[in-house]
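# Summary of structural features
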Amino acid sequence: MQHIVPTSTETSTRPDQRDGARLDLARVIEALPDAVATAMQAVLPDQYTPELAAQIAEDAAAQLAHKQPSPGHFPWCRPGACIAHTADDGDSWTEHIGAEHHVVFPSSAERPLHLVAQLGYDPNCDDAPTVHLSEDSGNVSFLDTASTALAADRAGQLAATLRELHGQMSRTSSVFRDDGPLTAQLRGAEWMARWSCPPWCISEHGDRFGMDWHSTAPVETTLRDIDASTPESENARIPFLAARIVLSNDKAQAYGRETRVWLDYGTTTGELTAAKAREVLTAMRGFVIELEAVVDQAEEIAMDDFDGDSEIARLDREAGDRDIARRTAELEAKADAILAVARA
Ligand SMILES: [Zn+2]
Ligand SMILES: [Zn+2]
């Protein structure tokens, strides 16, 4: 039996099962109302009321209580998932199991690459909690704290590589799309020379309404526009986001050569220099992280949402209508009275 008994220096790797620690926290929570009242009177005498102090103490106590994992478990344990083991010799231990995080890569193959990351701790086999990074074909990496940081770094490298490959692909992808727009390259050298066209240009030069600037085919989000003030059918025709490169080089000797990224957000378009487009891209990446936090919180808050009672709503509307009718009658009576005085 190689059950590892944590020593006192290994507190970070063991569940919070020290009665001492829990007891201390309970005593802190107990002392909070008096402590907050005293502190408020000392530093915020103007704002102090016993009710406000009690409210603050209650909030702080709730936060502290929330930070206590269930006895004998880690804060990351998935409730109900941990497994109690008993060996033949009667020794028993708990295997701790965290949430499964799935990453499934899109594929036309029957079995796409599917990665699962999960934190776990089996005191019978591990010295400390370990991340299991596995692939459903059976490959698995066991990662300690340092290896987990390395793995996150590798995943970042993979993301950068995929972005680079995506760029290389999309620069040539229109050649392989039968339904895609005709590029200048496909139209041939004569066309390219006549319009000073770069190979990737899909503009219909020379056509009666043709443009004298050159454009790539737009990339678009599959997601359609989400404008709350526009009917669904109208939103469905417009991508949420779209981007294309536009090059102006007409009479370049005189007017210069100008590259812009046209970024459409709904029905609005930004005409950005490459440097400005890079700035926008960086800002969007940062915003995605913040949006995720907002969505997480909204999902939590939305759990208390409910539909109203249509019967109560009808009564409320009728009461409102009656109120308006009464006010209108009052105003009309007043206006009549004023008119009568004026006529007299
Ligand atoms: Zn557990
Ligand atoms: Zn062109």
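Residues numbered from 1 in each chain as written. Chains lettered and ligands numbered in written order. Predicted model: local features only at pLDDT ≥ 70, side-chain atom pairs only at ≥ 80, totals over all residues.

## Some thoughts on the overall build of the protein
- The helix and strand inventory of the protein stands at 9 helices and 10 strands.
- Taken across its 344 residues, the protein has 8% of its residues classed as buried.
- When contacts within the protein are restricted to residue pairs at least 6 apart in sequence, long-range pairs at least 24 apart make up 29% of them. (Helix = DSSP H or I, 4+ residues; strand = E, 2+ residues; numbered from the N terminus. Buried ≥ 20, exposed ≤ 12 C-beta atoms within 10 Å, placed from the backbone. Contact = placed C-beta atoms within 7 Å.)

## Things to note about the sheet that holds strand β3 (residues 114–121)
- The antiparallel open sheet is built from 5 strands, whose spatial order is β1-β2-β3-β4-β5. Strands with a single pairing partner mark the edges of an open sheet, and in this sheet they are β1 (83–86) and β5 (140–143). Ignoring which end each strand starts from, the neighbouring axes of this sheet average 25° apart.
- As defined by bridge partners, β3 adjoins strand β4 (residues 130–135) across 6 bridges and the pair is classed as antiparallel. For Val 116, the partnering residue across the bridge sits in β4 and is Ser 134. (Pairing = 2+ DSSP bridges. Axes fitted to C-alpha atoms, helices over the stretch in contact; angles between N-to-C directions.)

## Observations concerning the confidence of the model for the protein
- Here the protein averages 86 in pLDDT, while 87% of its residues score no lower than 70.
- Here residues 1–13 scores under 50 on pLDDT; set against residues more than four positions off or in separate chains, the count is 13 contacts.
- Across residues 17–22, where pLDDT falls below 50, the model places 4 contacts with residues more than four positions away in sequence or in other chains. (pLDDT = per-residue confidence, 0-100.)

## What about the pairing of β1?
- In this structure, β1 lies alongside strand β2 (residues 92–104), joined through 4 bridges in antiparallel fashion. The residue bridging Thr 86 from the neighbouring strand is Ser 92, located in β2.

## Structural notes on unusual backbone geometry
- Positive phi outside glycine occurs at Ser 196, with the angle close to 50°.
- If you trace the backbone, Ser 196 turns up in the loop between α5 (189–195) and β6 (214–215).
- Given 17 C-beta atoms within 10 Å, Ser 196 falls into the partly exposed group.
- Within the chain, Lys 251 stands out as a residue other than glycine whose phi angle is a positive 45°.
- For Lys 251, the position within the fold is in the loop between β8 (241–248) and α7 (252–255).

## A look at helix α8 (residues 274–302)
- The end-to-end C-alpha distance of α8 is 40 Å, a good match for the 42 Å that 29 residues give at a rise of 1.5 Å each.
- For α8, a buried count of 0 out of 29 residues is recorded, marking the element as mostly open to its surroundings. (Expected span 1.5 Å × (residues − 1).)

## Comments concerning the environment of Gln 118
- Tracing the sequence through the fold places Gln 118 in strand β3.
- Sequence separation between Gln 118 and Ile 97 is 21 residues; the distance between their C-alpha atoms is 7.8 Å.
- The residues touching Gln 118, leaving out its near neighbours within four places in the chain, are Gly 98, Glu 100, His 101 and His 132.

## What about helix α9 (residues 310–343)?
- Helix length check: α9 (34 residues) gives 49 Å between terminal C-alpha atoms against 50 Å at 1.5 Å per residue, within 8%.
- Taken across its 34 residues, α9 has 0 buried, putting it largely on the surface.

## Considering the environment of His 96
- Turning to its location among the elements, His 96 is positioned in strand β2.
- Sequence-distant contacts of His 96, defined by excluding residues within four places in its chain, comprise His 73, Phe 74, Cys 77, Cys 82, Gly 120 and Tyr 121.

## Considerations on the pairing of β3
- The sheet contact formed by β2 and β3 spans 7 bridges and is antiparallel. Bridge pairing in β3 places His 102 opposite Val 116.

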